[in-house]
Amino acid sequence: MARVEDPPEPFWDINSDRGVQLPLTDPAILEAERLLNVTLPVSLLSLLRKQNGGLVVSGRDAFPTSRPTSWAPDHVPFDVVMGIGSREQALSMLDSPYLVEEWGLPTDVVVVSGDGHYWIGLDYRICGRNGEPSVTWFDADDNSELDLAPDFPSFIGRLTSSLDFDGERSGGSPD
């Protein structure tokens, strides 16, 4: 089994409870995997055991891209991670089936971040429900997608600050 590496510290914005679910338990993980019909990546679960979703620090709020998206010419946002739970006013990975249907995403995706115009998801289409999913950007504005990383640890390892990019967008489509 591959070694699970902790994400670079700090990762979570501890000054905000936006999107934070109740502490993650083993029964909650089993129930989530049953409801979503997938095996969630060990690296993601390790991260969620420290804090079950919420805002990430500003130094880890963007992912560089190889081509433009409707967000920016060279990156996508990753300012919040969905946890596992049912706290009111907070999207959760458990909302993935609804979000996939509502936004026309592929059915073999578990959403981990996004706002309706875009989503970042664990993509199980190639690896199958019990494999190690890749991470993909899904753009509802222009009905496109972009492979970001072959797995979740690789994705987390490449996160950087949105301030590292020229012309940081606050959302929506480029002009």
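Presented here is an overview of the structure given in this document. (Residues numbered from 1 in each chain as written. Predicted model: local features only at pLDDT ≥ 70, side-chain atom pairs only at ≥ 80, totals over all residues. Heavy atoms only, no water.)

1. Some thoughts on the sheet that holds strand β8 (residues 144–149)
Either a parallel or an antiparallel arrangement is found when strands of a sheet pair, and the pairing is made through backbone hydrogen bonds. Ordered by their spatial adjacency, four strands build an open sheet running β5-β6-β7-β8, and the pairing between neighbours is antiparallel. Single-partner strands in this sheet number two, and they are β5 (109–114) and β8. Here the average twist between neighbouring strands, direction ignored, is 30°. Pairing of β5 with strand β6 (residues 118–123) involves five bridges; the strand directions are antiparallel. Paired with G114 across the bridge in β6 is W119. (Pairing = 2+ DSSP bridges. Helix = DSSP H or I, 4+ residues; strand = E, 2+ residues; numbered from the N terminus. Axes fitted to C-alpha atoms, helices over the stretch in contact; angles between N-to-C directions.)

2. Observations regarding the pairing of β8
Pairing between strand β7 (residues 134–139) and β8: five bridges, direction antiparallel. Bridge pairing in β8 links D139 to S144.

3. A few points about the side chain of Q51
Looking at where Q51 falls in the secondary structure, it is placed in the loop between α2 (42–50) and β1 (54–55). Aside from chain neighbours lying at most four places away, what touches Q51 is W12, I14 and V20. (Contact = heavy atoms within 4.5 Å.)

Function cannot be inferred from these measures alone, as they are strictly geometric.
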